[in-house]
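Summary of structural features
Residues per chain, in single letters:
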Amino acid sequence: LLGSGTLDASGQASLTTSALGTGVHAITAVYGGDSDFTGSTAPVISQAVDQAATTTTVIATPDPSVFGQAVTIGATVAPVAPGAGVPTGTVDFFDGATLLGSGTLDAAGQAFFTTTVLSTGAHSITAVYSGDVDFTGSTSPLTNQVVNQAATATTVVAAPNPSLFGQSVTITATVAALPPGAGTPTGPGDFFDGATLLGSGTLDASGQ
């Protein structure tokens, strides 16, 4: 039973519904009769319900970000009129042709994915909705996500300190990313006595 309607002065009754799922439905109307007329049943008609089209939009925050910072990519999937309802299923997030990850649509038709692996530079982010039984899939326009270099702080210690003339002194530098940046810096570092270059070293896996 989809619902009921009351006959008007022209002998017509109507019912409006948006509850029909995709597929073909066998619709009939059953008149119950009154004191003057017997009841009757209408011949069956076929009502086809196709998938509704969707649009997908994507946004990444914060933008711009810095290397190592967590970036949350959100997608919103909405039906295209006259379709209605809330799409379900999953959304895949891409950086160009590279799959970053996936998210599941919530009750508001939104999905989110958070990543810290974006390299420095510009990234072309898109969201691809795969569709469900009632809604077709769709791909968002791309959004540009810019990832800048993260700032660093460098500290230095010398040991032993004090030392004696001719004694070996080890000078150690530690380079760390400043929040919201994260990760371990790499590359060479130079050591100076005032303006005089003493020598160089290469950062290890711990940033020293």
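Notes on the structure in this doc start here. (Residues numbered from 1 in each chain as written. Predicted model: local features only at pLDDT ≥ 70, side-chain atom pairs only at ≥ 80, totals over all residues. Heavy atoms only, no water.)

A word on the pairing of strand β11 (residues 121-129)
Of the pairings in the sheet, the one linking strand β8 (residues 90-95) to β11 comprises five bridges and is antiparallel in character. Looking across to β11, one finds that F94 is bridged to T126. Bridging between β11 and strand β13 (residues 143-148) involves five bridges; their strand directions are antiparallel. Across the sheet, the residue bridging to G121 is V147, located in β13. In this structure, β11 lies alongside strand β12 (residues 138-139), joined through two bridges in antiparallel fashion. Bridge pairing in β12 places V128 opposite T139. (Pairing = 2+ DSSP bridges. Helix = DSSP H or I, 4+ residues; strand = E, 2+ residues; numbered from the N terminus.)

Here's the deal with unusual backbone geometry
Across the chain, the bulk of peptide bonds are trans and the bulk of non-glycine residues have phi less than zero. Cis geometry marks the peptide bond from D63 to P64, where omega comes out at 5°. Within the secondary structure layout, P64 lies in the loop between β5 (54-61) and β6 (65-66). Residue P162 is bonded to the preceding N161 through a cis peptide linkage, with omega at 5°. Locating P162 in the fold gives a position in the loop between β14 (152-159) and β15 (170-177).

Quick word on the sheet that holds strand β7 (residues 71-79)
The strands making up a sheet are joined through hydrogen bonds of the backbone, oriented either antiparallel or parallel. Taken in spatial order, the three strands line up as β5-β7-β10 in an open sheet, and their pairing is antiparallel. Strand pairing shows two members of the sheet lacking a second neighbour, β5 and β10 (110-115), which therefore form its edges. Neighbour-to-neighbour, the strand axes of this sheet turn through a mean angle of 15°, independent of strand direction. (Axes fitted to C-alpha atoms, helices over the stretch in contact; angles between N-to-C directions.)

A word on the environment of T41
Inspection of the secondary structure assignment puts T41 in strand β3 (residues 40-41). Residue class for T41 comes out exposed when judged on its relative accessible area of 55%. Residues T41 and A29, spaced 12 residues apart in sequence, show a C-alpha to C-alpha distance of 5.8 Å. Every residue in contact with T41, bar those within four places of it in the chain, is listed here: T28, A29 and V30. (Buried < 20%, exposed > 50% of the residue type's maximum accessible area, 1.4 Å probe, protein only. Contact = heavy atoms within 4.5 Å.)

Focus on the nonpolar core
Across soluble globular proteins, nonpolar side chains show a tendency to be buried alongside one another. Among the nonpolar cores identified, the biggest contains 19 residues, and I73, V91 and F93 are the most heavily contacted of them. Put simply, the parts of the chain that give this core at least two residues each are β5, β7, β8, β10 and β11. Per-element tally for this core: the top contributor is β7, with four residues. Sequence-distant contacts of I73, defined by excluding residues within four places in its chain, comprise V58, I59, A60, F93, L100, A111, F112, F113, T115 and I125. (Core = buried A, V, L, I, M, F, W, Y, C linked by side-chain atoms within 4.5 Å.)

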